[in-house]
Amino acid sequence: MTAERTDVLIVGAGPAGLSAALELKRLGVPRVTVVDREPQPGGMPRLCHHTGFGVWDFHRMLSGPQYARRYVRLAEAAGVEIRTETTVTGWADDHALTLTSPAGTGVLQSDAILLATGVRERPRSARLTPGYRPRGVFTTGSLQRFVDERHLPVGKRAVIVGAEEVSLSAFMTLTGAGLEVAAIVTELPRHQMNYFPYAPVKWLLVDMLHRVPVLTAARVERILGRFRVEGVEVSPVAGGERRVIPCDTVVFTGDWIPEHEVARSGELRMDAGTRGPQVDFAFRTSRAGIFAAGNLLRGAETAATSAAEGRRAAGWIARFLQGAPWPKVRLPVVAEPPIKWVFPNALSADTLRGEQPLTFRTADFVENAVVQVSQGNDVLYRQSFRYLTPNRTFRLDAAWLPRVALRGEPVRIRVA
Amino acid sequence: MHPVYDVAIIGAGAVGTAVARELSRYHLKIILLEAKADVGMGTTKANTAIWHTGFDAKPGTLEARLLRRSYALMEKFVPEAGIPTEPLGGLLVAWTEDQYHTLPSLLERAHTNGVTDVRIISAEDVYRLEPRLNAGAWGGLFVPGESLLCPFTLPLAFATQAVINGAELRLNFRVQGIALEDGITRIVSEDGQTVAARYLVNAAGLYSDEIDRMLGHHDFTVTPRRGELIVYDKFARTLINHIILPVPTPITKGVLISPTVYGNILLGPTAEDLDDKTNTATSRQGLEMLLEKGRAILPDLMKEEVTATYAGLRAATEHKDYQIRLHAGQRYVCAGGIRSTGVSAAMGIADYIGGLLSEAGLELRPKDNFLPVHMPNIGQAAPRPYQQPERIAQNPDYGRIVCHCEKVSLGEILDAIHAPIPARTLDGLRRRTRAMQGRCQGFNCQAHIVDILARETGQDPRVLLALEKFPADPADDGGQS
Ligand SMILES: Cc1cc2nc3c(=O)[nH]c(=O)nc-3n(C[C@H](O)[C@H](O)[C@H](O)COP(=O)(O)OP(=O)(O)OC[C@H]3O[C@@H](n4cnc5c(N)ncnc54)[C@H](O)[C@@H]3O)c2cc1C
Ligand SMILES: Cc1cc2nc3c(=O)[nH]c(=O)nc-3n(C[C@H](O)[C@H](O)[C@H](O)COP(=O)(O)OP(=O)(O)OC[C@H]3O[C@@H](n4cnc5c(N)ncnc54)[C@H](O)[C@@H]3O)c2cc1C
């Protein structure tokens, strides 16, 4: 094996990885290497051919591929080394990753590593949906690969499982490919899609809700069909009559799980709520020199949020390269049901000024919620929310941070 | 004039392929007939993949004897043919006092079966071996010889070795009628093809009773007994070190938790008698029952992600033993009712059937150039191409990873498509390479693989995706996996 060196090694050439690389170059880091297992850089947006990207970072509405290309071009122009078809297969030691590419296997050493490997949607099997295993079952991501990346035939009539933001993406891809969408099914009592502030997406949503029945508090009991999907059997979550919706395509949307293979195999401390690596406000994981950003940290935010995190992480990486010490004490922040996760999920001494808010998501709808932050018996903070909606991100003010006892018990976030 | 084969074998599962391999060692003209579009697509592809010692088989049965015989034969074949395996050993755990008191009789049974290295261990030792097990174990029985095996590679290896040694494999041949005339057996398929042979072996698994009836016998009836299973993510692999077996009951071996050779953890199977021999669907009740059992045995398992679920059908009969019989007058051997140990016993069964055929007059003259077979490794214990710089240097496609979850390279996919028994379907590729069998279940790579398969084989993607005219038995069996 050949051992090479770089200053910062970034795993994942999506919005988080590429924007971090750009920022590191801007901050004067000589060698920044981004590796990605795909044949092309750009990450997930490369596959989302519909609009909905770029408003925050480029101030214009772009399609996913346009957005991805912008980041790739900027990174290349800034002198970032991007290696595609290069898979990180494991850890050689604390600061070196093993790689496989058509050129062979190798080890890449680096002073700092940023993991930005993204998320995936849970496939049908992981959701334990019973039935046969016919063709015609997708996630939004796989659907987009079929339709936009490979131009493969999909089907005629689809059912979308899940009613969060990405479900709208599935709807756009399906209708773009000429399919009829028979229904949207969610186990939750209401759909969880945001009325985006920008018109095109907002009108798409309104149009979709006008055209397609949304079956709420309903569960897919079974997938019908042996060789090709022939329908789904749906029943009310509370029990009751089952009905069959004929279709030849089912798209499971959302229900994110971080692509945490590299993180977990590096024995980074993982967070039980996000299922991503535990990080503090500086995107530092539990291992010195190892950072993480983007949707790997939790599923799933917009590309712009991931990109912004990449940029912020880059600032902290640069400080680390200049000798800033790695915090010795980390205090976990724990989410309690119905709060699903909170981010960041660790606190360290040099990031307790409370400038940035925390973010969190819930598992259920909660009305008139008071979210309470406590440490031991001390209530540090309470914040009211009119509505908490699952699969949407809420901000939790961080003014209480300076009052945390870093060597005390974990901070708990719960609905009071 | 069509050729007359010396032996025709019906069914290319573990048993039929093992018989074909065994007979291909001799100067014989052999044909292996299979209804589906690939070998190993029946029960052989949907089980718990344990290489059983036979320690708990009923003493004196053919099953007990052939499992022992098979074990010895497999100890040689498995490493030679490169079948993924891991010699972990089984740990049978007694969770109640009653179960604990059955351990001595299980030990005695193991000894009677010639499995002499089995021993009873204390509860402390159970937890020493398996610290993550739930509290409450009374003790256990340690069975060092129980191992893991790749149930996909095994029948492919048997069939490949048979084929490279001259046997003929006829796929998409569903036997519908059999006629005996002047010492020749004529076998007719559903679509009217005919094959003539002097000797016949019935290894049709779930349908072995129906084939048997075509020859006028009513010795047994197969009842499909469904077993559902859950496959957990590779990150669960470190939770256990052995195959965790329950105390068996007369009806089933019970729900076990076992590593797989690919580095996952299996939880299952259930046992439920059905009347539909094609019902390999999973069910809500089945999966929920497994979660409940899994939580009781290994609570930490519930924190890990599920990678896949599937169901297989055991060919259960009204009898307690394999239904292997020679009907010498018909030059016919029935090998049916191979219920829950057939993957492990296949080589022993094949060896035994060779003997029966010889008894019925088939001349077995060994070839002096019986070619060996060596299969691509898809297990985690031995190096895979993505870890081998020499192979990537020879062919960069071994470094071009297509399936990221299982790290399957383009080179391996192309090899499988162009192998002596080629992969023609997505399912065939899954079983040969592990592509699409990982934690994302092909959601990342399936479109790419459809492209590759369509291009390399000239098939229409619409057919690969079952969007168009499913043939009577579609190439891509969505059922078992
Ligand atoms: C269907 C869908 C629709 C969406 N629609 C929108 C939208 O309209 N607007 C919007 O703003 N956002 C949208 N998003 C979200 C947006 O795509 C993500 O926020 C963004 O891609 C996250 O960026 P990331 O860099 O964290 O991860 P990703 O973009 O997922 O990039 C991760 C990269 O890491 C690579 N990688 C992973 N593991 C390894 C490894 N072991 N070795 C090498 N490389 C590895 C992957 O190949 C990938 O390229 C959508 C997402 C999906 C799935
Ligand atoms: C849940 C479960 C768990 C198990 N666990 C284990 C285990 O851990 N270890 C172990 O050793 N065993 C195990 N078994 C048992 C093992 O899987 C079977 O004993 C073995 O696969 C049987 O092989 P076979 O060749 O007899 O049948 P099959 O694999 O079913 O092969 C029969 C073949 O015949 C073909 N066929 C049928 N009818 C016709 C026809 N008319 N014309 C042409 N072809 C036809 C079928 O298509 C099929 O390919 C398990 C079984 C189940 C269901």
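Residues numbered from 1 in each chain as written. Chains lettered and ligands numbered in written order. Predicted model: local features only at pLDDT ≥ 70, side-chain atom pairs only at ≥ 80, totals over all residues. Heavy atoms only, no water.

1. With respect to the domain arrangement of chain B
Where interface size is quoted, it is often the accessible area lost as the parts come together.
All names here are of chain B.
Then, number 1: When cut into domains, chain B gives domain 1 (1–86 + 148–222 + 317–379), domain 2 (87–147 + 223–315) and domain 3 (385–469).
Then, number 2: Counting residues at the interface gives 7 residues for domain 2 and 6 residues for domain 3.
Then, number 3: Between domain 2 and domain 3, roughly 530 Å² of surface is buried when both sides are summed, and carbon and sulfur atoms account for 42% of that area.
Then, number 4: Applying the counting criterion to the domain 2 and domain 3 interface returns 2 salt bridges.
Then, number 5: One can count 4 residue pairs in polar contact (both at pLDDT 80 or more) joining domain 2 with domain 3. (Domains from an automatic or database assignment. Contact = heavy atoms within 4.5 Å. Buried area = accessible area lost by both parts, 1.4 Å probe. Salt bridge = Lys/Arg side-chain N within 4 Å of Asp/Glu carboxyl O. Polar contact = N/O pair within 3.5 Å; in protein donor to acceptor, adjacent residues only side chain to side chain.)

2. Re the interface of chain B and chain A
Then, number 1: At the interface, 58 residues of chain B touch 51 residues of chain A.
Then, number 2: For the pair chain B and chain A, the summed buried area comes to about 4700 Å², and 55% of that belongs to carbon and sulfur atoms.
Then, number 3: Our enumeration of links across chain B and chain A arrives at 9 salt bridges.
Then, number 4: For Arg439(B), the salt bridge is made with Glu261(A), and the minimal N-O distance between the two is 2.9 Å.
Then, number 5: Across the chain B-chain A interface, the total number found is 18 residue pairs in polar contact (both at pLDDT 80 or more).
Then, number 6: Class assignment of the residues belonging to the side of chain B that touches chain A gives a composition of 25 nonpolar, 18 polar and 15 charged. (Nonpolar A, V, L, I, M, F, W, Y, C, P; charged D, E, K, R; others polar.)

3. Quick notes on the pattern of salt bridges
Then, number 1: Counted by the stated rule, this structure contains 67 salt bridges over all chains.
Then, number 2: In this structure, the salt-bridge partner of Arg46(A) is Glu149(A), at a minimum N-O distance of 3.8 Å. One end of the pair, Arg46(A), is in the loop between strand E2 (32–35) and strand E3 (51–53); the other, Glu149(A), is in helix H4 (residues 140–149), and 103 residues separate them in sequence.
Then, number 3: Note on Arg46(A): relative accessible area 14%, which makes it buried.
Then, number 4: Asp351(B) is paired through a salt bridge with Arg69(B); the nearest N and O atoms lie 2.8 Å apart. Of this pair, Asp351(B) sits in helix H8 (residues 342–359) while Arg69(B) is found in helix H2 (residues 62–81), placing the two residues 282 residues apart along the sequence.
Then, number 5: Residue classification places Asp351(B) among the partly exposed residues on the basis of a relative accessible area of 24%.
Then, number 6: Here the salt bridges do not stand alone but share partners, grouping Arg219(A), Glu221(A), Arg222(A), Glu233(A), Arg242(A) and Arg284(B) into one network. (Helix = DSSP H or I, 4+ residues; strand = E, 2+ residues; numbered from the N terminus. Buried < 20%, exposed > 50% of the residue type's maximum accessible area, 1.4 Å probe, protein only.)

4. A short note on the pairing of strand E18 (residues 306–316) of chain B
All names here are of chain B.
Then, number 1: For E18, the buried fraction is high: 11 of the 11 residues fall into the buried class.
Then, number 2: Bridge count for strand E13 (residues 223–232) against E18 is 10 bridges, and the pairing is antiparallel. Paired with Thr223 across the strands is Ala316, a residue of E18. (Pairing = 2+ DSSP bridges.)

5. Section: the packing of aromatic side chains
Then, number 1: If you walk through the whole model with that rule in mind, you get 16 aromatic pairs over all chains.
Then, number 2: With centroids separated by 6.0 Å and ring planes inclined at 15°, the aromatic side chains of Phe152(B) and Tyr262(B) adopt a geometry described as stacked. Highlighted residues: Phe152(B) in the loop between strand E8 (147–149) and helix H5 (153–164) and Tyr262(B) in the loop between strand E15 (256–259) and strand E16 (265–268), separated in sequence by 110 residues. With respect to burial, Phe152(B) and Tyr262(B) carry one shared label: buried.
Then, number 3: What links up through ring pairs into an aromatic cluster is the set Phe53(A), Phe58(A), Tyr67(A) and Tyr71(A). (Phe/Tyr/Trp six-rings, centres within 6.5 Å; stacked < 30°, edge-to-face > 60°.)

6. Focus: the packing of H2(B) against H8(B)
Residues and elements named next belong to chain B.
Then, number 1: At a closest axis distance of 6 Å, the pairing of H2 and H8 adopts a crossing angle of 100°. The pairing of H2 with H8 is recorded here as roughly perpendicular in orientation. Counting all contacts with H2, which are made through Leu62, Arg65, Leu66, Leu67, Arg69, Ser70, Leu73, Met74 and Phe77, the residues of H8 involved are Val343, Ser344, Ala345, Ala346, Met347, Gly348, Ile349, Asp351 and Tyr352.
Then, number 2: Split into classes, the residues belonging to the contact of H2 with H8 amount to 12 nonpolar, 3 polar and 3 charged. (Axes fitted to C-alpha atoms, helices over the stretch in contact; angles between N-to-C directions. Parallel < 35°, antiparallel > 145°, perpendicular 65-115°, else oblique.)

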